[in-house]
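This is what each chain is made of:
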Amino acid sequence: MRITVSGLPGSGTTSLSRYLAERHGFSLISAGEVFRQLAKEHNMELARFGELARQDPTYDKMIDARQKDIAQEHDDIIVEGRLSGWMVDNADLKIWLYAPIGCRIKRIVFRDQVADEETAKNLTLEREQCEADRYRSYYNIDINDLSRYHIILNSEHWDVEGLGAIIDTSIARLKQNRHNP
């Protein structure tokens, strides 16, 4: 089984992906963690590193191609990242997590230890615009087109266990359908 988990920064994709990987014994690939690690290695804030990636598509394309290759080569895998639903064509389940900007900013302030919510909001909106521009430029992808996702959930309404329970049920039904077509 191949599952993609996508959403904007702070929507909870990494938390849900870790939950699903642990609960179901799946491997996990996370584009966001790779991107954050690259930014850290270059001693740059995410928005500034995103600007560097905008100028040199090598960074994005390297992460995207690697995720796609690994997903194609492995079964029982969670592929987490903004574009994973677009990159993993043969995914059995494509999930998009949504959360309002205020909710996401609070999470980002805590997760990334940003000084305050206003700074986090400005950096996040700048990052989102930068990413949307790059995805359109590199792949002709409109990140706001959610039509390819099987499930769209508002992560403000459920904690990770609640989101996980919804997806656990979906996984069980998919497995059942495989055995009883």
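Structure first, text after, so check above.
First things first, this report covers the structure right here in the doc. Remember, it's a predicted structure, so these values are computed and weren't measured experimentally. (Residues numbered from 1 in each chain as written. Predicted model: local features only at pLDDT ≥ 70, side-chain atom pairs only at ≥ 80, totals over all residues. Heavy atoms only, no water.)

**A look at the environment of G10**
No. 1: If you trace the backbone, G10 turns up in the loop between β1 (2-7) and α1 (13-24).
No. 2: Given a relative accessible area of 7%, G10 falls into the buried group.
No. 3: Separated by 94 residues in sequence, G10 and R104 have C-alpha atoms that sit 4.4 Å apart.
No. 4: Leaving out residues up to four positions away in the same chain, G10 has contacts with R104, R107, I108 and R111. (Helix = DSSP H or I, 4+ residues; strand = E, 2+ residues; numbered from the N terminus. Buried < 20%, exposed > 50% of the residue type's maximum accessible area, 1.4 Å probe, protein only. Contact = heavy atoms within 4.5 Å.)

**Brief notes about helix α2 (residues 31-41)**
No. 1: Along α2, the residues that are buried comprise A31, G32, F35, L38 and A39. For α2, the buried positions fall inside an angular range of 125° around the axis, keeping them on one side. Residues of α2 that are exposed and angled more than 90 degrees away from the buried face: K40 and E41.
No. 2: Lining the buried residues of α2 we find β2 (27-30), α3 (46-55), α4 (58-73), β3 (77-80) and α7 (117-139).
No. 3: Phi turns positive one or two residues past the end of α2, at N43, with a value near 55°. (Arc of directions from axis to C-beta.)

**With respect to the layout of surface pockets**
No. 1: Volume-wise, the largest pocket comes out at about 590 Å³.
No. 2: In this structure, the largest pocket is lined by 35 residues; those nearest its centre are T13, T14, R36, E80 and R111.
No. 3: Taken together, the elements giving at least two residues each to the lining of the largest pocket come down to α1, α2, α4, α6 (101-112), α7 and α8 (160-179).
No. 4: Tallied by class, the residues present in the lining of the largest pocket amount to 12 nonpolar, 11 polar and 12 charged.
No. 5: One number sums up the size of the second largest pocket: a volume of about 480 Å³. (1 Å grid on protein atoms, 1.4 Å probe; cavity = no way out; pocket = protein on both sides within 12 Å on 5 of 7 lines; lining within 4 Å. Points joined across faces, edges and corners; volume = space filled by probe spheres on them. Nonpolar A, V, L, I, M, F, W, Y, C, P; charged D, E, K, R; others polar.)

**As for the side chain of S170**
No. 1: Within the fold, S170 resides in helix α8.
No. 2: Once you skip the residues sitting within four places of it in the chain, S170 turns out to touch L93 and I151.

**Looking at the side chain of D64**
No. 1: With respect to the helices and strands, D64 occurs in helix α4.
No. 2: It is R134 that comes nearest to the buried, bridge-free D64 among opposite-charge side chains, at 7.6 Å. (Lys, Arg positive; Asp, Glu negative; His and termini not counted. Salt bridge = Lys/Arg side-chain N within 4 Å of Asp/Glu carboxyl O.)

**Quick notes on the nonpolar core**
No. 1: One finds I3, V5, L16, L20, I95 and I167 to be the most contacted residues of the largest nonpolar core, which totals 17 residues.
No. 2: Elements that contribute at least two residues to this core include exactly β1, α1, β4 (93-98), β5 (151-154) and α8.
No. 3: Top element by residues in this core is α1. It accounts for four residues.
No. 4: If we ignore the near neighbours within four places in the chain, the residues touching I95 are I3, T4, V5, S6, L16, L20, Y149, I151 and I167.
No. 5: Judged by nonpolar contacts, the second largest core, of 10 residues, contains A31, F35, M44 and L46. (Core = buried A, V, L, I, M, F, W, Y, C linked by side-chain atoms within 4.5 Å.)

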